[in-house]
Amino acid sequence: MITNIGAAELIAFEEKVADLFNGAKIKAPVHLYSGNEDQMIEAFSSIKEEDWVLCSWRSHFQCLLKGVPQEKVLSEILEGRSISLCFPEYKIFSSAIVGGILPISVGLALSIKLQKLTGMVHCFIGDMTSETGIAHESIKYSINHDLPIRFIIEDNDLSVCSETRKVWGQDQLTYENFSHPKIFHYKYKSKYPHAGAGVRVQF
Ligand SMILES: Cc1ncc(C[n+]2csc(CCOP(=O)(O)OP(=O)(O)O)c2C)c(N)n1
Ligand SMILES: [Mg+2]
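From a predicted model like this one, the values you see are computed outputs, not experimental measurements.

Enquirer: Would you mind going over the pairing of strand β1 (residues 52-55) in detail, with residue names and values included?
Expert: As defined by bridge partners, β1 adjoins strand β3 (residues 121-126) across three bridges and the pair is classed as parallel. Residue pairing across strands places Trp52 opposite Val121, the latter belonging to β3. Both β1 and strand β2 (residues 92-94) contribute to a ladder of three bridges, which runs parallel. Paired with Cys55 across the strands is Ser94, a residue of β2.

Take a look at the structure:
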């Protein structure tokens, strides 16, 4: 555990961003978290400062829990960079391309292993991302080569507005009950839509 930020602070941060977005103060997309605060705190309980955290378009909680000061995260969001927040000095890297972060995470983990460095990679992906071909290849390669990486699958059963399990015609995600130390799967239901904060904003 790097910070002692609690669930209430995480919720309050996203609510502040939601208000700013709905007030047309952020002229770029925001993707907000809610309903997964406890699971995120649990996921971060084993993450160390030396570890890398790789994320997608929705990454405010990871940045805060990795130790980036709230003002710094908020200032980047206000600059319109919520969708791909990167703080290399805190070892946080994001990409808004579905699956884009996966090969980067695997390469980083391979590099850590080959150079015999300390630390590891924690790669956060959504449920639909976890069903893509690149996720299956990345997870297979990482497990078979025992890379220093963990995949955190954040399961809201949604890909924007499509239901992931319905799309693929399966009751369970491939890695839902896949008991392996390199996989951490959790379910959550957000009060926010995929993007934005529920109000149509006109600039
Ligand atoms: C290559 C690519 N295709 C489509 C999109 C549009 N897109 C953004 S998020 C998303 C849904 C991904 O669903 P999931 O992985 O479950 O993530 P969630 O947002 O639910 O956490 C899509 C299709 C994109 N960003 N990149
Ligand atoms: Mg999803």
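Enquirer: Residues and numbers for the coordination of the magnesium ion (ligand 2), please.
Expert: Coordination of the magnesium ion (ligand 2) by the protein comes from Asp127 (OD), Asn156 (OD1) and Leu158 (O), over a distance range of 2.1 to 2.2 Å. Assessed through its relative accessible area of 22%, Asn156 is described here as partly exposed.

Enquirer: Summarise the packing of helix α1 (residues 7-22) against helix α4 (residues 70-78); cite the residues concerned and give the values.
Expert: Two numbers describe how α1 lies on α4: the axes approach to 12 Å, and their chain directions differ by 25°. Judged by the angle between their axes, α1 and α4 are roughly parallel. As for the relative orientation of α1 and α4, their crossing is right-handed in sense. Here Glu9, Phe13, Lys16, Val17 and Leu20 of α1 come into contact with α4, specifically with Gln70, Val73, Leu74, Ile77 and Leu78.

Enquirer: Can you explain helix α7 (residues 133-144)? Please cite residues and give values.
Expert: An α-helix turns once per 3.6 residues; consequently, residues spaced three or four apart project the same way. If you check α7, its first and last C-alpha atoms are 16 Å apart, about what twelve residues at 1.5 Å a residue would give, namely 16 Å. Those residues of α7 that fall on the buried side of the exposure criterion are Ala135, Ser138, Ile139 and Ser142. End-on, the buried residues of α7 take up no more than an arc of 95°, which puts them together on one face. Residues of α7 that are exposed and angled more than 90 degrees away from the buried face: Glu137, Lys140 and Asn144. Buried residues in α7 make contact with α5 (101-114), α6 (127-130), β4 (149-155) and β7 (183-187). Positive backbone phi, at 45°, marks Asp146, one or two positions downstream of α7.

How each quantity is defined
- Residues numbered from 1 in each chain as written.
- Chains lettered and ligands numbered in written order.
- Predicted model: local features only at pLDDT ≥ 70, side-chain atom pairs only at ≥ 80, totals over all residues.
- Heavy atoms only, no water.
- Pairing = 2+ DSSP bridges.
- Helix = DSSP H or I, 4+ residues; strand = E, 2+ residues; numbered from the N terminus.
- Donors = N, O, S within 2.8 Å, 3.2 Å for Na, K, Ca; no water.
- Buried < 20%, exposed > 50% of the residue type's maximum accessible area, 1.4 Å probe, protein only.
- Axes fitted to C-alpha atoms, helices over the stretch in contact; angles between N-to-C directions.
- Parallel < 35°, antiparallel > 145°, perpendicular 65-115°, else oblique.
- Left-handed = near helix turned anticlockwise from the far one by under 90°.
- Contact = heavy atoms within 4.5 Å.
- Expected span 1.5 Å × (residues − 1).
- Arc of directions from axis to C-beta.

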